[in-house]
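# Observations on the three-dimensional arrangement
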Amino acid sequence: MPATAASPWYKHLWPWIIIGILATSVCLSLTMVSIAVRNPDNLVNDNYYEAGKGINRSLDRELLAQALNLKASVHLDDLTGEVEVRLTGNSAPQALELNLISPTQPDKDRKVQLARSEPGRYVGQLVDKVEGRRFVELLGSQDDHVWRLFEEEKVEHGVTLQLGDEALQGAEHQQ
């Protein structure tokens, strides 16, 4: 009996299913690589030593604010964009700087220069509306030393933010 030739491999279903799975995984891998290359992670800091020194400087500024008994209430007007800060404590600088820092998106960070309009009251102008979770940083100076009030707050419509009302984290050993 003569041997009959089996049909070629490309006429069967299973080799094409295996090739399809492999081709799909290669395409998806290349897509993920191209996304990772186009959108790098900008939250990584390679200079840990400098970042640590910066944290210590930051804690020194926060300890100065605590020693001056500083507290601030920040009100953001959504309609006009006006920022009003009421500062209480033992410091009365001519100007303040308010930074609204997004934890994950640097393009949403906002910096507002505040000028003193009357004792304890500072006003400035925001360009656009700010909402969501933010690190709120208020910077001022007293006797050529910079102080800082810094807290994480949820910025919402009609909410007045209170700075300096929470315990200072991470400075227990420096007091």
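Cut-offs applied
Numbers given for residues are sequential positions, taken from 1 along each chain in its written order. Restriction of local features to residues with pLDDT of at least 70 applies here, the model being predicted, together with a cutoff of 80 or more for giving and counting side-chain atom pairs; totals for whole chains, interfaces and linings are based on all residues. With hydrogens and water excluded, all non-hydrogen atoms of the structure serve as input to the side-chain values. Buriedness of a pocket was judged along seven lines, with at least five required to meet protein on both sides within 12 Å; pockets are open sets of points on a 1 Å grid over the protein atoms alone, cavities are sets where a 1.4 Å probe fits but cannot get out, and lining residues have an atom within 4 Å of a point. Grid points are joined across faces, edges and corners, and a volume is the space filled by probe spheres set on the points. Elements are defined by DSSP. Helices are runs of H or I of four residues or more, strands are runs of E of two residues or more, and each kind is numbered from the N terminus. Accessibility here uses a 1.4 Å probe with only protein chains present; expressed as a share of the type maximum, an area under 20% marks a residue as buried, one over 50% as exposed, and anything in between as partly exposed. When checking whether two residues touch, look at their non-hydrogen atoms; a contact exists if any pair is within 4.5 Å. UniProt positions are given in the numbering used here, feature names are shortened, and annotations may be inferred rather than shown by experiment. Throughout this description, the term salt bridge denotes a Lys or Arg side-chain nitrogen within 4 Å of a carboxyl oxygen of Asp or Glu. When the centres of two rings from Phe, Tyr and Trp lie within 6.5 Å, Trp using its six-membered ring, the rings pair. Their planes under 30 degrees apart give stacked, over 60 give edge-to-face, and anything left gives tilted. Paired strands, in this sense, are two strands between which DSSP finds at least two bridges. Whenever a helix is involved, its axis is fitted only over the stretch in contact; in every case the axis is a line through C-alpha atoms, and angles between N-to-C directions fall within 0 to 180 degrees. Any pair of N or O atoms that falls within 3.5 Å is considered a polar contact. Within protein, one atom must be able to donate a hydrogen and the other to accept it, and sequence-neighbouring residues count only if both atoms are side-chain atoms.

As enumerated under the stated definition, the model contains 1 cavity of 30 Å³ or more in all. Together, Leu76, Val155, Glu156, Gly158, Val159 and Leu161 line the largest cavity.

For the rest of this paragraph, the subject is the environment of tryptophan 16. With respect to the helices, strands and loops of the structure, tryptophan 16 is situated in helix α1 (residues 13-38). For tryptophan 16, a relative accessible area of 43% corresponds to the partly exposed category. In this view, tryptophan 16 contacts Trp9 and Tyr10; residues no more than four positions away in its chain are not counted.

What follows is about the UniProt feature "transmembrane region" (unreviewed entry) in the protein. Mapped onto this structure's residue numbering, the UniProt feature "transmembrane region" (unreviewed entry) falls at residues 13-37. Helix makes up 100% of residues 13-37 and strand makes up 0%, while its end C-alpha atoms are separated by 37 Å.

Here we take up the pattern of salt bridges. Summed over all chains, the structure comprises 9 salt bridges. One salt bridge connects lysine 129 with glutamate 131, and the closest N-O pair in it is separated by 3.7 Å. The class of lysine 129 is exposed, set by a relative accessible area of 54%. Take glutamate 131: its relative accessible area is 44%, and that puts it in the partly exposed class. The partner of glutamate 137 in a salt bridge is arginine 148, and the shortest N-O contact between them spans 3.0 Å. Taken together, the residues glutamate 137 in strand β6 (residues 132-142) and arginine 148 in strand β7 (residues 145-155) connect sequence positions 11 residues apart. Exposure remark for glutamate 137: the relative accessible area of 10% places this residue in the buried category. For arginine 148, a relative accessible area of 8% translates into the label buried. The network of salt bridges with shared partners includes Glu84, Arg86, Glu118 and Arg121.

With that settled, consider the packing of aromatic side chains. Following the criterion strictly, the structure yields 3 aromatic pairs and no others. With 5.7 Å between their ring centres and 20° between their planes, phenylalanine 135 and phenylalanine 150 make a pair best called stacked. Of this pair, phenylalanine 135 sits in strand β6 while phenylalanine 150 sits in strand β7; the two residues are 15 residues apart in sequence, bridging distant segments of the chain. Phenylalanine 135 gets classed as partly exposed once you look at its relative accessible area, which sits at 23%. Using a relative accessible area of 30% as the deciding quantity, one classes phenylalanine 150 as partly exposed.

Read from one edge to the other, the open sheet built from 8 strands follows the order β7-β6-β3-β4-β5-β2-β1-β8, with strand pairing classed as antiparallel. Bordering the open sheet on either side are β7 and β8 (160-163), each of which pairs with just one other strand. When strand polarity is set aside, the average angle formed by the axes of neighbouring strands in this sheet is 25°. Relative to strand β2 (residues 82-88), strand β1 (residues 71-76) runs antiparallel, the two sharing 6 bridges. Looking at β2, one finds that lysine 71 is bridged to threonine 88.

This brings us to the side chain of asparagine 99. Turning to its location among the elements, asparagine 99 is positioned in strand β3 (residues 95-101). At a separation of 3.0 Å, a polar atom in the side chain of asparagine 99 contacts the side chain of glutamate 97. Of the polar contacts made by the side chain of asparagine 99, one reaches the side chain of glutamate 137; its length is 2.7 Å.

The next thing to look at is the pairing of β1. The hairpin formed by β1 and β2 contains 5 residues between the paired strands, and glycine 81 there has a positive phi angle of roughly 80°. The pairing of β1 with β8 spans 4 bridges and is classified as antiparallel. Bridge assignment links histidine 75 to a residue of β8, and that residue is threonine 160.

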